[in-house]
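Fold and geometry: a report
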Amino acid sequence: RANAGKTTILQRVCNTRENPEIYNQRRGKCGHRNASGTLRGLHDINNEMVFRSNPGFVFHDSRGFEAGSESEFDKVKAFIADRSKETRIQNRLHVIWYCIPVDEASRSFTRVEMKFFSECDTGSIPVIVLFTKFDALYEIAYAELRSKGVSREKAEELAPKHAEDSFAIGPQLKFLYNSKDIQRPPTCHVCLPNMDKDDADCGPLIERTAAALNDQVMEQLFVSTTQNNLELCMKYAVEK
């Protein structure tokens, strides 16, 4: 979706503050994202987003699947189908991060999102749902704890865990994984709070992504390309 904090998440994964540069299919530079994350240049999922400080990662960003955005859905579907057939590793699509912010007043899945998880055949490409801006649920959790008589200090301490536990048994995940309307559920999901903070922890996203990759070589390449999680790199070096 739009305004899901995607650029900020990519910056955290690549351990950089710089803005990504945008390249077209002929590797010609055609734009960049400014400090607020707004795209300057042609917005096309076929274009590549690259951070100069970490060129090992190449990202593709679609427009948000807002209500009625059937044309964008068709473009994304065609892009996934084309890239899933690629034999060259540099042109393949290796993982899909589907970003859904949970700070919105209406957190239900849109019709186009339901269509994506029902009709879009991603083949062997894993799909991970990123519930972004998850810290927005902390205030709700805090209020619930306070209503049960928990002290302010303790409620503030317990709010993040309470929000995670409540979300884990809430309607969003039940619908995503168990609904008859969802024919192609995601591989897994990750809740990402406070990605706008300098000390944001994107370790769970990196670890889930590495685990979701079907190819062990790609898994090791992904982990080695990640520059901000030495602990995970050492873990995979030992285990794999």
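Heads up: the structure comes first, above all this text.
Being a predicted model, the structure only gives us computed values, none of them experimental.

Here we come to the sheet that holds strand β8 (residues 188-192). The strand order β6-β7-β8 describes an open sheet built from 3 strands, whose pairing is parallel. Sheet topology places β6 (96-101) and β8 at the edges, where each strand pairs with a single neighbour. Sheet twist, expressed as the mean angle between neighbouring strand axes with direction ignored, is 25 degrees. Here helix α1 (residues 6-13) sits on the sheet in contact with β6, β7 (127-132) and β8, set at roughly 130 degrees to β6.

Tracing the sequence through the fold places Glu207 in helix α7 (residues 203-212). Taking relative accessible area as the criterion, Glu207 reaches 34% and is therefore assigned partly exposed.

Take the packing of helix α4 (residues 136-147) against helix α5 (residues 152-168) next. The N-to-C vectors of α4 and α5 enclose an angle of 115 degrees; their axes lie 7 Å apart at closest approach. Handedness of the crossing formed by α4 with α5: right-handed. Touching Leu137, Tyr138, Ala141, Tyr142, Glu144, Leu145 and Arg146 of α4 are Arg152, Ala155, Glu156, Leu158, Ala159, Pro160, His162, Ala163, Ser166 and Phe167, all from α5. Taken together, the residues that form the contact of α4 with α5 break down as 11 nonpolar, 2 polar and 4 charged.

It is worth spelling out α4 at this point. Restricting attention to buried positions, one finds in α4 the residues Leu137, Tyr138, Ala141 and Leu145. The arc that holds every buried residue of α4, seen down its axis, measures 105 degrees, which confines them to one face. Exposed and facing more than 90 degrees away from the buried side of α4 are Glu139 and Ser147. In this structure, the buried side of α4 is in contact with α5.

Here we come to the packing of helix α2 (residues 70-84) against helix α3 (residues 111-119). Contact pair α2 / α3: the axes reach a minimum separation of 11 Å and the direction vectors enclose 25 degrees. One finds that α2 runs roughly parallel with respect to α3. Helix-helix and strand crossings are classified by hand; for α2 and α3 the assignment is right-handed. Here Glu70, Phe73, Val76, Lys77 and Ile80 of α2 lie close against α3, whose contacting residues are Arg111, Val112, Lys115, Phe116 and Glu119. A class-by-class count of the residues in the contact of α2 with α3 yields 5 nonpolar, no polar and 5 charged.

Calculation rules
Residues numbered from 1 in each chain as written. Predicted model: local features only at pLDDT ≥ 70, side-chain atom pairs only at ≥ 80, totals over all residues. Heavy atoms only, no water. Pairing = 2+ DSSP bridges. Helix = DSSP H or I, 4+ residues; strand = E, 2+ residues; numbered from the N terminus. Axes fitted to C-alpha atoms, helices over the stretch in contact; angles between N-to-C directions. Contact = heavy atoms within 4.5 Å. Buried < 20%, exposed > 50% of the residue type's maximum accessible area, 1.4 Å probe, protein only. Left-handed = near helix turned anticlockwise from the far one by under 90°. Nonpolar A, V, L, I, M, F, W, Y, C, P; charged D, E, K, R; others polar. Arc of directions from axis to C-beta. Parallel < 35°, antiparallel > 145°, perpendicular 65-115°, else oblique.

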